Amino acid sequence: MIFIENAKVLQQKQLSPDFFRLDLAAPQIAAAGLAGQFVMVKTAPGYDPYLKRPFGISSFAGAGISLVYRLVGRGTKLMSELRSGDYLELTGPLGQPWQIKGVKKSLLVGGGTGIAPLVALAQVLKQQGAEIYICLGANDGPGLICREELAACGKVYLVTMDGSMGAKGLVTLILPGEIDFDGVYACGPKPMLAAVAAWAEKRDLPCQVSLEAHMGCGLGTCMGCVCPVKSRDGQAIYQRICREGPVFPAGEVIFHD
């Protein structure tokens, strides 16, 4: 079930110069939501900005949810000015969640803003007793968000493009290839997802990816967030990231047109 909920701001915290975490009281969405789903956020009262923005749910806590976002434009600038006691209109939970049933040994791979939605996934995997390995990549140290929350769930490997924290290079350089995972999960930039999908396919490991896209409605109506995937007969078809995704089996996604 999808709810339109007037969520109360519990706390706004700046994680780095570019990243913020917004803790919200949203009991209906929190009760119905699953790791991997997202919400559409009305970033300001009135009609300016007109469209809601999609944000992955970073974590669930009782009757609340957390959103971690990067300051990139007017909508997120308005969000960053919210304070405790303010209200924010949310629509959700939306999209397809991660499939984690029966997973015992998991690998989570996150890049940039794609790190944040892995927190809820890691917490649920931990609750079901899975062994968790986590590889995180960013341009620099401040971009490696949510490290503490993820480290509380499993073994974390870090990499940055400038070498300021962890190894230097791409996150795919630190994937632990010697372990036989029964679940690989990736969220981040499309080139990273394509590389992780190829890495998992080479090792015959089940892999899921969460795709990002600009969205007009988040409900599947506007058809503004379609991506090419393989049909059962191998032909390319288009599916909506907001409805059939954002989580897809990696082997179904066509990463290169």
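It should be emphasised that the depicted structure is a prediction, and the values quoted were computed from it without experimental measurement.

### With respect to the sheet that holds strand E13 (residues 207–210)
Item 1. Read from one edge to the other, the open sheet built from seven strands follows the order E11-E10-E9-E8-E12-E13-E16, with strand pairing classed as mixed. For this open sheet the edge positions go to strand E11 (167–168) and strand E16 (247–249), each flanked by a neighbour on one side alone.
Item 2. Relative to strand E10 (residues 155–160), strand E9 (residues 131–138) runs parallel, the two sharing six bridges. Its bridge partner being in E10, Ala138 is matched across the sheet by Thr160.
Item 3. Sitting on the sheet, helix H3 (residues 118–127) is in contact with strand E8 (105–111), E9 and strand E12 (183–187), with an inclination near 170° to E8.
Item 4. The sheet strands contacting helix H5 (residues 190–202) are E8, E12 and E13, and the helix crosses E12 at an angle near 165°.

### Re the domain arrangement of the protein
Item 1. Segmentation of the protein into domains returns domain 1 (3–94) and domain 2 (105–252).
Item 2. Averaged C-alpha coordinates put domain 1 and domain 2 at centres separated by 21 Å.
Item 3. Across the boundary between the two partners, domain 1 contributes 19 residues, which contact 23 residues of domain 2.
Item 4. Carbon and sulfur atoms supply 71% of the area that domain 1 and domain 2 bury against each other, a total of about 1,500 Å² over both sides.
Item 5. Sorting the residues of domain 1 by area buried against domain 2 places Phe19, Phe38 and Ser58 first, and these three jointly supply 26% of that buried surface.
Item 6. Put simply, Arg21 and Glu149 hold a salt bridge, and the shortest N to O gap is 3.7 Å.

### Some details on the environment of Pro246
Item 1. Structurally, Pro246 can be placed in the loop between strand E15 (236–240) and E16.
Item 2. Pro246 gets classed as buried once you look at its relative accessible area, which sits at 7%.
Item 3. Along the sequence, Pro246 and Leu144 sit 102 residues apart, while their C-alpha atoms lie 22 Å from each other.

### A look at H3
Item 1. The complete set of buried residues in H3 reads Leu118, Val119, Ala120, Leu121, Ala122 and Leu125.
Item 2. Buried residues belonging to H3 abut strand E5 (59–61), E8, E9, helix H4 (147–151) and E12.
Item 3. Where H3 ends, the next residue or the one after it, Gly129, has phi of about 85°, a positive value.

### Things to note about the packing of aromatic side chains
Item 1. In the structure shown here, the tally under the stated rule is five aromatic pairs.
Item 2. Where Tyr133 meets Phe181, the ring centres are 5.6 Å apart and the plane angle is 75°; that geometry is what we call edge-to-face. Of this pair, Tyr133 sits in strand E9 while Phe181 is found in the loop between E11 and E12, placing the two residues 48 residues apart along the sequence. Taken individually, Tyr133 and Phe181 each receive the classification buried, so the pair is uniform in this respect.

### So, the sheet that holds strand E7 (residues 87–94)
Item 1. Pairing within the open sheet is antiparallel, and its seven strands lie in the order E4-E3-E7-E1-E2-E6-E5. Each edge of the sheet is formed by a strand with only one pairing partner; in this case those strands are strand E4 (53–56) and E5. Across this sheet, the average inter-strand angle for adjacent strands is 40°, counted without regard to direction.
Item 2. Pairing analysis gives six bridges linking strand E1 (residues 3–14) to E7, with the strands arranged antiparallel. Note on E7: the bridge partner recorded for Phe3 is Gly92.

Cut-offs and rules
- Residues numbered from 1 in each chain as written.
- Predicted model: local features only at pLDDT ≥ 70, side-chain atom pairs only at ≥ 80, totals over all residues.
- Heavy atoms only, no water.
- Pairing = 2+ DSSP bridges.
- Helix = DSSP H or I, 4+ residues; strand = E, 2+ residues; numbered from the N terminus.
- Contact = heavy atoms within 4.5 Å.
- Axes fitted to C-alpha atoms, helices over the stretch in contact; angles between N-to-C directions.
- Domains from an automatic or database assignment.
- Buried area = accessible area lost by both parts, 1.4 Å probe.
- Salt bridge = Lys/Arg side-chain N within 4 Å of Asp/Glu carboxyl O.
- Buried < 20%, exposed > 50% of the residue type's maximum accessible area, 1.4 Å probe, protein only.
- Phe/Tyr/Trp six-rings, centres within 6.5 Å; stacked < 30°, edge-to-face > 60°.

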